[in-house]
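Given next are the chains, with one letter for each unit.
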Amino acid sequence: MGLTREWYNLNTVGLPQKVINTIQSARASSTRSLYDCKWRVFEEWCLQEGHISFQCPVGVILSFLQDLIDKHRAFSTIKVYLAAIAACHVGFEGKTASQHPLVCRFMKGARRLLPVSRSLVPLWDLAVVLNGLKMTPFEPLEGADMKHLSLKTVLLLALASAKRVSDIHALSVHPSCTQFAPGQTRVLLKPNPAFTPKVVGSCTPIDIEAFPPQLVSSGEQQQDLLCPVRALHTYMDRSKELRLNDQLFVSWAKPHKGKPVTKQRLSHWIVEAIALAYTSQNLQAPLGLRAHSTRGLATSWALFKGVSIQDICAAASWSSPLTFVRFYRLDVSAPSVARAVLGTLLSRDSTC
C-alpha cells in the first residue's frame, strides 16, 4: 500500500528500503491508495500529451489542473490531485510541485473561481428520525432482531458522540475500553489502543450519561427509548454469543456473521437507520443521505440547545471553533422544526 512512483524517487536518492517504508507510512493506507489512483490519472494524461509525468515542467502540471477546472471538478478534488502529484513528482529546486510559486498562485485563483458551497439547512429532520427510532422495527429493543438493534445503536451513538465513523469503528468491547457505571447510569468508551485517528491526538474517550426513566400515564417509570446507554448495553449483551473479536460492531449476516464490520459498512448502517426511520412512518427518505451528516446535525442542535461551542469542539475533536462554523454548522432554529422536536436526544445537558 504505497505510492510506487514516490518509492522510486526515494530509492533514487539512495535511501534504504526500511527508511522508505517509514517515510511512506507518514500517510494512512487509505490516503496512499487515493493518491496512487489520482497519480495514475495524471500519468495517463501526460502519456497522451507526450510528457514524462514525474519530471514534467510546471506548465504541464498547471495545464492538467486547468483541465480539471474546465471539467467542473470541485476545488477539493483538484487539491487531492495536486497532493498526489506533489508526492510523486521530483519537484523543483528542492521544493515539491505544490510549493512552486506559480502553482500556489494558480490554486488561489482556482479557489476564487470554484467557491466551496454547502447547504445550511439539514438534509434530514432529527425529530422525524428520533421518533422513528421509538417505533417498530426498532422497538421493543429486547425483541428487535440483530439488524435493527445494530442500526439503532450505531445511529444513537453517532448522534450522542458527534464522532467520525472511523472513531466509532475503533471502539472495542474489551473491559479496558468499554466501562459501564453501576446501574448502567453512564458508559465510558475508549478506542482500541492500536487505532490511529485521522488527526493524531484528537480521539478522546466518549462519556455518555444514561437518560433517566420517563413517567408514563399510569405513574410507572419507563426506560427512555432513545437512551444510547440502554441501546449499547442491549447490543453488547445480544452480540456476545456471535462476536469473534473485541471490535464493538460486528456483522449479523452470513457468511461474515460475528466478524468486524468495515468503516464503509458502518457508514451504510447509519444511512440505512436514518432511511428506515423515515419509511417506518410512511415518509419518503431524503436523497443523498450521508453518515457524516450526523456530526453537523448533532453539534448544531447541541449549540441551539445551549451547549458551549468549546464543549462541542472538544466532543467532536475539532481543534478550533472555525472548523465547526465553516463546515458543519446548520440552521436548526426554524420555529416549525424547533416546536416539533420535543425530548430529542440533543436536548439534554449530557449530549456533549
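No experiment lies behind these values; they were computed from the predicted model shown. (Residues numbered from 1 in each chain as written. Predicted model: local features only at pLDDT ≥ 70, side-chain atom pairs only at ≥ 80, totals over all residues. Heavy atoms only, no water.)

Draft legend 1. Expanded view of the overall build of the chain. Helix and strand counts for the chain come out as 15 helices and five strands. The 352 residues of the chain split such that 43% are buried. Taking contacts inside the chain between residues at least 6 apart in sequence as the whole, the part at least 24 apart equals 62%. Summed over all atoms, the accessible surface of the chain reaches about 18700 Å², with 55% contributed by carbon and sulfur. (Helix = DSSP H or I, 4+ residues; strand = E, 2+ residues; numbered from the N terminus. Buried < 20%, exposed > 50% of the residue type's maximum accessible area, 1.4 Å probe, protein only. Contact = heavy atoms within 4.5 Å. Areas by Shrake-Rupley, 256 points an atom, 1.4 Å probe, with all protein chains shown as cover.)

Draft legend 2. Fine view of the packing of aromatic side chains. Following the criterion strictly, the structure yields twelve aromatic pairs and no others. Look at tryptophan 39 and phenylalanine 42: their rings are 5.4 Å apart centre to centre, the planes differ by 50°, and that puts the pair in the tilted class. Here phenylalanine 42 and tryptophan 39 lie together in helix α3 (residues 29–49), a separation of three residues that amounts to about one turn. Where tryptophan 301 meets phenylalanine 304, the ring centres are 5.4 Å apart and the plane angle is 80°; that geometry is what we call edge-to-face. Here the residue tryptophan 301 and the residue phenylalanine 304 both occupy positions in helix α12 (residues 293–304), the gap between them amounting to three residues, near one helical turn. Classification of tryptophan 301 as buried rests on a relative accessible area of 2%. In this arrangement the basic side chain of arginine 5 is found over the ring face of phenylalanine 54, its NZ or CZ atom lying 3.7 Å from the centre. A cation sits over an aromatic face here: arginine 295 above tyrosine 328, 5.5 Å from the ring centre. (Phe/Tyr/Trp six-rings, centres within 6.5 Å; stacked < 30°, edge-to-face > 60°. Lys NZ or Arg CZ within 6 Å of the ring centre and 35° of its normal.)

Draft legend 3. Here's a closer look at the packing of α3 against helix α5 (residues 75–88). Axis separation between α3 and α5 bottoms out at 8 Å; the angle between their running directions is 85°. Classified by the angle their axes make, α3 and α5 are roughly perpendicular. Contacts from Leu34, Tyr35, Lys38, Trp39, Val41 and Phe42 of α3 reach α5 at Val80, Tyr81, Ala83, Ala84, Ile85, Ala87 and Cys88. Its residues placed into classes, the contact of α3 with α5 shows twelve nonpolar, no polar and one charged. (Axes fitted to C-alpha atoms, helices over the stretch in contact; angles between N-to-C directions. Parallel < 35°, antiparallel > 145°, perpendicular 65-115°, else oblique. Nonpolar A, V, L, I, M, F, W, Y, C, P; charged D, E, K, R; others polar.)

Draft legend 4. Expanded view of the pairing of strand β2 (residues 186–189). Of the two faces of β2, the one holding Val187 and Leu189 is buried and the one holding Arg186 and Leu188 is not buried anywhere. Bridge analysis of strand β1 (residues 178–180) against β2 gives three bridges, and the strand direction is antiparallel. Counted as the bridge partner of phenylalanine 180 is valine 187 from β2. Turn length for the β1-β2 hairpin, with the two strands adjacent in sequence and antiparallel, is five residues, and the turn residue glycine 183 shows positive phi of about 75°. In this sheet, strand β3 (residues 206–209) lies alongside β2 in antiparallel orientation, the contact comprising four bridges. Bridge pairing links leucine 188 to aspartate 207 in β3. (Pairing = 2+ DSSP bridges.)

Draft legend 5. Just the side chain of glutamine 281, in detail. Topologically, glutamine 281 is positioned in the loop between α11 (263–279) and α12. Ignoring sequence-local partners within four residues, the contact set of glutamine 281 consists of Val128, Asn131, Gly132 and Met135.

Draft legend 6. Geometry of unusual backbone geometry. A cis amide bond links glutamate 139 to the next residue, proline 140, at an omega of 0°. Along the polypeptide, proline 140 turns up in the loop between α7 (126–133) and α8 (146–161). Cis geometry is found at the peptide bond from lysine 254 to proline 255, where omega equals 0°. Counting through the fold element by element, proline 255 comes out in the loop between α10 (228–239) and α11. Although it is not a glycine, serine 317 adopts a positive phi angle of roughly 65°.

Draft legend 7. Representation of the sheet that holds β2 in the model. Within the open sheet, the three strands sit side by side as β1-β2-β3. Their pairing is antiparallel. The strands lining the two open edges of the sheet, one partner per strand, are β1 and β3. Taking each pair of neighbouring strands and ignoring which way they run, the sheet shows an average axis angle of 10°. Sitting on the sheet, α10 is in contact with β1, β2 and β3, with an inclination near 115° to β1.

Draft legend 8. Looking closely at the nonpolar core. If you look at the biggest cluster of nonpolar residues, it comprises 64 residues, and the most contacted ones within it are Trp124, Leu248 and Phe249. At ten residues, α8 tops the list of elements feeding residues into this core. In contact with leucine 248, not counting residues within four places along its chain, are Leu157, Leu171, Ser172, Val173, Leu232, Tyr235, Met236 and Arg243. Core analysis: the second largest hydrophobic core is formed by 29 residues, Leu65, Ala84, Cys88 and Val103 among them. (Core = buried A, V, L, I, M, F, W, Y, C linked by side-chain atoms within 4.5 Å.)

Draft legend 9. Representation of α5 in the model. Its 14 residues give α5 an end-to-end C-alpha distance of 20 Å, which sits within 8% of 20 Å, the value for a rise of 1.5 Å per residue. Every buried residue belonging to α5 is among Phe75, Ile78, Tyr81, Leu82, Ala84, Ile85, Ala86, Ala87 and Cys88, and all of these are buried. As for α5, its buried residues are in contact with α1 (4–12), α3, α4 (58–70) and α6 (101–113). (Expected span 1.5 Å × (residues − 1).)

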